[in-house]
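For reference, the chains in residue letters:
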Amino acid sequence: MEIETAAETESGMTSSGTSGTGMKINVTRDELVAKLGVVSRAVSTRGTVQVLAGILLTAEPDATTLAATDMELSLRTTLDAQVD
């Protein structure tokens, strides 16, 4: 699945989407960076289990959840976002 690059709008919102699903997420860049900084602490540095090397992004109509784990530590956070 290809992911479009994020573009900042005049209001300071970051808009990003995927070409395969047509999903578009609008969120402030500062909030996204802060929340990614929190959950990235749980991303596995061991290369043995490939699925632990990333951050799960779950989109709801009014919020987006970011989650990561290394099988010992699990972190999850939610940020307000407009999801289309």
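Numbering of residues begins from 1 in every chain and follows the order in which that chain's sequence is written. Local features are withheld for residues below a pLDDT of 70 in this predicted model, meaning they are given only at 70 or higher, and side-chain atom pairs are given and counted only at 80 or more; totals for whole chains, interfaces and linings count all residues. As a convention, hydrogens and water are excluded, and side-chain values are obtained from all of the structure's heavy atoms.

1. Here we look at the sheet that holds strand 6 (residues 74–80)
Phase 1 of the analysis: By this definition, two strands are paired if DSSP reports at least two bridges between them. Helix and strand assignments come from DSSP, with helices taken as H or I runs of at least 4 residues and strands as E runs of at least 2, each series counted from the N terminus. Strand order in the open sheet made by the three strands is 4-5-6, with antiparallel pairing throughout. Only two strands of the sheet have a single neighbouring strand rather than two, namely strand 4 (56–59) and strand 6. Put simply, the sheet's adjacent strands are angled 20° from each other on average, direction ignored.
Phase 2 of the analysis: Here strand 5 (residues 63–69) pairs with strand 6 via seven bridges, running antiparallel. Each axis is a line fitted through C-alpha atoms, and for a helix only the stretch in contact is used; angles between axes span 0 to 180 degrees, taken between their N-to-C directions.

2. Quick notes on the pairing of strand 4
Phase 1 of the analysis: Judged from the four bridges that link them, strand 4 and strand 5 form a sheet pairing that is antiparallel. Looking at the pairing, leucine 56 lines up with alanine 67 of strand 5.
Phase 2 of the analysis: Taken together, strand 4 and the strand that follows it, strand 5, pair antiparallel across an intervening segment of three residues.

3. Remarks on the environment of threonine 78
Phase 1 of the analysis: With respect to the helices and strands, threonine 78 occurs in strand 6.
Phase 2 of the analysis: Only protein chains enter the calculation, and the probe is 1.4 Å; a residue is then buried if its accessible area is under 20% of its type maximum, exposed if over 50%, and partly exposed in between. Since its relative accessible area comes to 43%, threonine 78 is described here as partly exposed.
Phase 3 of the analysis: The spacing of threonine 78 and alanine 59 is 19 residues in sequence and 9.8 Å in space, taken between C-alpha atoms.
Phase 4 of the analysis: In this view, threonine 78 contacts Lys35, Ala63, Thr64 and Thr65; residues no more than four positions away in its chain are not counted. Any two residues having at least one pair of non-hydrogen atoms within 4.5 Å are treated as being in contact.

4. Examining the confidence of the model for the chain
Phase 1 of the analysis: Residues at a pLDDT of 70 or more form 74% of the chain, whose mean pLDDT is 77.
Phase 2 of the analysis: The score called pLDDT rates the predictor's confidence residue by residue, from a low of 0 to a high of 100. Within the model, pLDDT remains below 50 along residues 1–11, and this stretch shows 18 contacts once partners closer than five positions in the same chain are excluded.

5. Considerations on the side chain of threonine 77
Phase 1 of the analysis: With respect to the helices and strands, the residue threonine 77 is situated in strand 6.
Phase 2 of the analysis: Pairing of N or O atoms within 3.5 Å defines a polar contact, subject to two protein rules: one partner must be a possible hydrogen donor and the other a possible acceptor, and residues neighboring in sequence count only if both atoms are side-chain atoms. Side chain to side chain, threonine 77 and lysine 35 meet in a polar contact 3.4 Å long.
Phase 3 of the analysis: Beyond its immediate sequence surroundings of up to four residues, threonine 77 is in contact with Lys35, Val39, Thr64, Thr65 and Leu66.

6. Let's talk about the nonpolar core
Phase 1 of the analysis: Of all hydrophobic cores here, the largest spans 10 residues; its members are Ile25, Val27, Val39, Ala42, Val43, Leu66, Ala68, Leu79, Ala81 and Val83.
Phase 2 of the analysis: At the level of elements, strand 3 (24–28) and strand 5 are the ones that each hand at least two residues to this core. Nonpolar cores were defined as sets of buried Ala, Val, Leu, Ile, Met, Phe, Trp, Tyr and Cys residues, with membership established by side-chain atoms within 4.5 Å.

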